[in-house]
There are 2 protein chains.
Amino acid sequence: MNEIKAMLYGIGAMGSMIAKYLLAKEGIEIVGAVDIARDKVGEDLGTVLNTNERIGINITDDVDSVLCEAKPDIALLITSSFLRDTYPQIASIVEHGVDVVSTCEELSYPFLTDKMHAKKIDALAKKNGSTVLGTGINPGFLMDTLVITLTSVCEKIEKIESIRVMDAASRRVSFQKKIGVGLTVEEFRQKLTRGEISGHIGLEQSIAMIADALAWKLDAIVPDTVAPILAEKRITSAPEVEVGKVGGLRQKAIGVSGNKEVIALDFRAYAGAEQEYDSITIKGVPTFTQKIQPCIHGDIGTVAMIVNSIPKVINAPPGLLTMKDLPISSAALGDIREHLGPQKWLQS
Amino acid sequence: MNEIKAMLYGIGAMGSMIAKYLLAKEGIEIVGAVDIARDKVGEDLGTVLNTNERIGINITDDVDSVLCEAKPDIALLITSSFLRDTYPQIASIVEHGVDVVSTCEELSYPFLTDKMHAKKIDALAKKNGSTVLGTGINPGFLMDTLVITLTSVCEKIEKIESIRVMDAASRRVSFQKKIGVGLTVEEFRQKLTRGEISGHIGLEQSIAMIADALAWKLDAIVPDTVAPILAEKRITSAPEVEVGKVGGLRQKAIGVSGNKEVIALDFRAYAGAEQEYDSITIKGVPTFTQKIQPCIHGDIGTVAMIVNSIPKVINAPPGLLTMKDLPISSAALGDIREHLGPQKWLQS
């Protein structure tokens, strides 16, 4: 079997990490790299990735030429969190009959943001034999797929609560900027108003996906409330944060049914978090708490989720799918082609 | 849509709990109950369940008559842990084009025990349009499905370890007998040799399912080693256990690759366990530990897993499937028919 041909669309921080992982991965090759940044177009992918090696793939802003000439099996779309940006990109890929896996947060459960465009993608994908999936560590796993999976041991559920606590000090500078590390409270509020602090995107998508999986009809999904978390002691890790300045943020989103909070997702990312964890508490029959320690690193987890989803998406029927529609997710260890095709035992 | 018609095959302790849950569940009805026990045949199901109510279903030992006359959509098979017992039962159900969900531990990954019969079931199921699944809390979820799901955040994995610790004091007497609670060490060894202490069944199946999902080629699955756990202090909960007598047991099974333990499953059930939990540790990129507290109660979890799997199995294509082949598992809350059919958002 030939190697799986992958096209990378978006060579930013996350796209670069995925590219490096793919270059080391057996059974898959990068056949095209797309980005619109002026300083990247025309450069060899290796130059942009700082690998000190020519890879022989020039970054281009011409998506169609890659799709027509390199004929990828799958496109990894790592451009934007928002469906308004990724919709035309997905449509252009799907028209070529190519599968899509994307980090686009809104695509993880696109029916919430824009049902019309979700239905258009689904129809176009089915017409052209493509499968489309939005995934990542969160949304995509920690606060939705894993929550849904854990519900399967339950006879009854009254409430689901999930908390993610991460220490922003050990994360990328671009991530720290997204959550306002080091700002004054006033600067934080201004940047939040201007949309310069985006924080975490996807809590509402995760709530909607959980509710759909459980056939819960929610009366409302109360959108993220974003609040700064202030440093209570001086943080000396990079970047330094003075006492009283912003260490990061806390976001909560809630799913409401009959005036009760039935799903509560609580995201906290700040420099100086003493304990990093991902927890899920289900109150029902039975009641239990599940805790992952340390919390799954966002970058590592997203690279893994995207690449591990590739064989699942290639195996899946055409259409716009979400994580809850695919077989249970798993690590595509070793040669990724080993994870293609029907049940292995039947062939042996 | 009519209610889902379920046939119960095996009205023992677990079958009775499943029956009671189904009687309270919306969207599904029990249309037949099969058992071979002389004291149950001919009795109303309500009498056997001690519900103080006639249900109008007489327990019969004639499977074919239920299959022909009541025409169930699905059979819940709760008769034996072993494929040698359940194979003819499954075959007889599948020949009628009826789906099967079973607690049979060996059926959770049947290719390990008996690939020939697994292939026969698969062929028969495909010929008759039936789907067959073995599941439960363990095997079926805690030490396989959940482990596999958690691997999806990983780029690399060196070792997987899962531990289940349960306090046997709060469990059924029949379960306590299975693990030797209250015996002397000598009695324990004798009963183990005679097969009267069966302990937990399914560790090897769980290891094989994990390895299959990860495309790991194991050199060996080292079967369960069963050891008694002795009471270190007097256990006063029922049944009482003197110091030095058997409180329960510990079982370990290991998956080996290249002389390394790559999968280690460790099951401990004993009266007096101070902390009950289910844990999974993955060493790799990233390394993390996941812990569920308290451990999921085996009976509640198995009832949930069996019933929650019903819509997944009805939705699935024909054949012999395992948990790793189905969409991510989830609680079928409310009316179980809400969980049938394609993605809900497409219809709205």
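Everything discussed here concerns the structure shown above.
Cut-offs applied
Residues numbered from 1 in each chain as written. Chains lettered and ligands numbered in written order. Predicted model: local features only at pLDDT ≥ 70, side-chain atom pairs only at ≥ 80, totals over all residues. Heavy atoms only, no water. Least-squares fit on C-alpha atoms with pLDDT ≥ 70 in both. Helix = DSSP H or I, 4+ residues; strand = E, 2+ residues; numbered from the N terminus. Phe/Tyr/Trp six-rings, centres within 6.5 Å; stacked < 30°, edge-to-face > 60°. Buried < 20%, exposed > 50% of the residue type's maximum accessible area, 1.4 Å probe, protein only. Lys NZ or Arg CZ within 6 Å of the ring centre and 35° of its normal. Axes fitted to C-alpha atoms, helices over the stretch in contact; angles between N-to-C directions. Parallel < 35°, antiparallel > 145°, perpendicular 65-115°, else oblique. Contact = heavy atoms within 4.5 Å. Nonpolar A, V, L, I, M, F, W, Y, C, P; charged D, E, K, R; others polar. Pairing = 2+ DSSP bridges. 1 Å grid on protein atoms, 1.4 Å probe; cavity = no way out; pocket = protein on both sides within 12 Å on 5 of 7 lines; lining within 4 Å. Points joined across faces, edges and corners; volume = space filled by probe spheres on them. Buried area = accessible area lost by both parts, 1.4 Å probe. Salt bridge = Lys/Arg side-chain N within 4 Å of Asp/Glu carboxyl O. Polar contact = N/O pair within 3.5 Å; in protein donor to acceptor, adjacent residues only side chain to side chain.

S.K.: Can you lay out the relation of the copies chain B and chain A for me, pointing to particular residues and giving the numbers?
M.R.: When chain B is fitted onto chain A, the two copies agree to an RMSD of 0.0 Å after a turn of 180° and an axial shift of 0.0 Å. Taken together, the rotation angle and the small translation identify this as a two-fold axis. Considering only C-alpha atoms, the residue of chain B closest to the rotation axis is B:P327, which sits at 1.9 Å.

S.K.: Provide a residue-level description of unusual backbone geometry, including the pertinent values.
M.R.: Of the consecutive residues A:N138 and A:P139, the connecting peptide bond is found in the cis state with omega at 0°. Residue position: A:P139 is located in the loop between β6 (131–134) and α6 (145–151). For the bond running from B:V285 to B:P286, omega is -5°, close enough to zero to count as cis. On the secondary structure map, B:P286 appears in the loop between β11 (277–285) and β12 (288–293). Residue B:N52 is not a glycine yet carries a positive backbone phi of 60°. Note on placement: B:N52 falls in the loop between α2 (45–49) and β3 (59–60). Although it is not a glycine, B:K71 adopts a positive phi angle of roughly 45°.

S.K.: Requested: an account of the packing of aromatic side chains, with residues and values cited.
M.R.: One pass over the full model with this rule turns up 2 aromatic pairs over all chains. For the pair B:Y109 and B:F111, a centre-to-centre distance of 4.9 Å together with 80° between the ring planes defines the contact as edge-to-face. This pair shows no difference in class: B:Y109 is buried, exactly as B:F111 is. Sitting above the plane of the A:Y277 ring, A:K291 keeps its charged end 4.4 Å from the centroid.

S.K.: How would you sum up the packing of helix α4 (residues 83–94) of chain B against helix α5 (residues 115–128) of chain B? Please name residues and give values.
M.R.: Residue and element names in this part refer to chain B. In contact at an axis separation of 9 Å, α4 and α5 are set at 10° when each is read in the N-to-C sense. By the angle class used here, α4 and α5 are roughly parallel. In contact with Y87, I90, A91 and V94 of α4, α5 contributes H117, K120, I121, L124, A125 and N128. In terms of residue class, the contact of α4 with α5 is built from 7 nonpolar, 2 polar and 1 charged.

S.K.: Residues and numbers for the sheet that holds strand β13 (residues 319–321) of chain A, please.
M.R.: Residues and elements named next belong to chain A. The 7 strands are arranged β3-β2-β1-β4-β5-β6-β13 in an open sheet whose pairing can be described as parallel. If you trace the sheet from one side to the other, it starts and ends with β3 (59–60) and β13, each paired once. As defined by bridge partners, strand β4 (residues 74–77) adjoins strand β5 (residues 99–102) across 4 bridges and the pair is classed as parallel. Counted as the bridge partner of I74 is D99 from β5. Against the sheet, helix α1 (residues 13–23) makes contact with β1 (4–9), β2 (28–34) and β4, and its axis sits at roughly 160° relative to β1, the strand it touches most. Taken strand by strand, helix α4 (residues 83–94) contacts β1, β4, β5 and β6, and its axis lies near 170° from that of β4.

S.K.: I'd love a proper account of the environment of A:L67, names of residues and values included.
M.R.: Residues and elements named next belong to chain A. Here L67 is to be found in helix α3 (residues 63–69). When the C-alpha positions of L67 and H96 are compared, they lie 6.8 Å apart, and in sequence the two are 29 residues distant. For L67, the contacting residues outside a window of four places in its chain are M7, P72, S92, I93, H96 and V98.

S.K.: I'd like to hear about empty space enclosed by the protein, residue by residue, with values.
M.R.: Applying the stated rule across the entire model yields 3 cavities of 30 Å³ or more. Put simply, the largest cavity is a space of about 50 Å³. Forming the walls of the largest cavity are A:S152, B:M305, B:N308, B:S309, B:K312, B:M323, B:L326, B:P327, B:S329 and B:S330. Looking at the lining of the largest cavity residue by residue, the classes come out as 4 nonpolar, 5 polar and 1 charged.

S.K.: Go over the interface of chain B and chain A with me, naming the residues and quoting the values.
M.R.: Counting residues at the interface gives 63 residues for chain B, matched by 64 residues for chain A. When chain B packs against chain A, the two sides together hide about 5,300 Å² of surface, and 63% of this comes from carbon and sulfur. When the area that chain B buries against chain A is broken down by residue, the three leading residues are B:E155, B:I328 and B:W345, summing to 16%. Where chain B meets chain A, there are 2 salt bridges. For B:E338, the salt bridge is made with A:K217, and the minimal N-O distance between the two is 3.3 Å. Taken together, the connections running from chain B to chain A amount to 18 residue pairs in polar contact (both at pLDDT 80 or more). Looking at the side of chain B that touches chain A, the elements with two or more residues in it are α5, α6 (145–150), β7 (156–167), α9 (203–214), β12, α10 (298–315), β13 (319–321) and α11 (344–347) of chain B. Relative to β12(B), strand β12 (residues 288–293) of chain A runs antiparallel, the two being bridged by 5 bridges. Residue pairing across strands places A:I292 opposite B:Q290, the latter belonging to β12(B).

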